[in-house]
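# Report on the structure
The chain contents come next:
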Amino acid sequence: MSDTTKTEAGKPAAPVKNRIVVWMIALPVVIFGALMLIGQFMDDPQSKQRWTENETIKICWKQMAKPEADRKTQEFKSAQDCERLEFDFKTRYGENP
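Residues numbered from 1 in each chain as written. Predicted model: local features only at pLDDT ≥ 70, side-chain atom pairs only at ≥ 80, totals over all residues. Heavy atoms only, no water.

Helix and strand counts for the chain stand at three helices and zero strands. Shown N-terminal to C-terminal, the secondary structure of the chain runs as helices and strands in the order α-α-α. A total of 97 residues make up the chain; the buried ones form 13% of that total. Long-range pairs, those at least 24 residues apart, make up 31% of the contacts in the chain with a sequence separation of at least 6. As presented, the chain carries roughly 8300 Å² of accessible surface, and 62% of it is formed by carbon and sulfur atoms. (Helix = DSSP H or I, 4+ residues; strand = E, 2+ residues; numbered from the N terminus. Buried < 20%, exposed > 50% of the residue type's maximum accessible area, 1.4 Å probe, protein only. Contact = heavy atoms within 4.5 Å. Areas by Shrake-Rupley, 256 points an atom, 1.4 Å probe, with all protein chains shown as cover.)

On the surface, W23, L27, I31, L35, I38 and M42 cluster together into a nonpolar patch covering about 690 Å² of accessible area. Inspection of the secondary structure assignment puts L27 in helix α1 (residues 17–42). (Patch = residues over 30% accessible without salt bridge, like charges linked within 9 Å, V, L, I, M, F, W, Y side chains within 5 Å. Salt bridge = Lys/Arg side-chain N within 4 Å of Asp/Glu carboxyl O.)

By the definition in use, this model includes three salt bridges. Note that R92 and E53 form a salt bridge whose closest N and O atoms lie 2.7 Å from each other. Note that R92 is positioned in helix α3 (residues 79–93) and E53 in helix α2 (residues 45–65), a separation of 39 residues in sequence. In this structure, E55 and K58 form a salt bridge, with 3.4 Å as the shortest nitrogen-oxygen distance. Residue E55 and its partner K58 are both found in helix α2; the two are separated by three residues, about one turn of the helix. You can call K58 partly exposed: its relative accessible area is 43%.

Set out below in structure tokens:
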């Protein structure tokens, strides 16, 4: 068997290689689409909330490390605020931030 099929007139028809090229293009697109769909379903609000709270704690400690005159915002007044945020995080999620 050859890669091409013969028509009635004896001329070769479209080669089978064209199908391979289509599969080489379509398969990665389908896989990428499936991964995007899986990622959409795995995205839950609790993980976003956990990330936000974790970043808030990091920002709090960074602000506390700076001298009070250099702080741009006064959201966090003392280290107790950061400790309270960490305690709440540990209580809610059962892990360290």
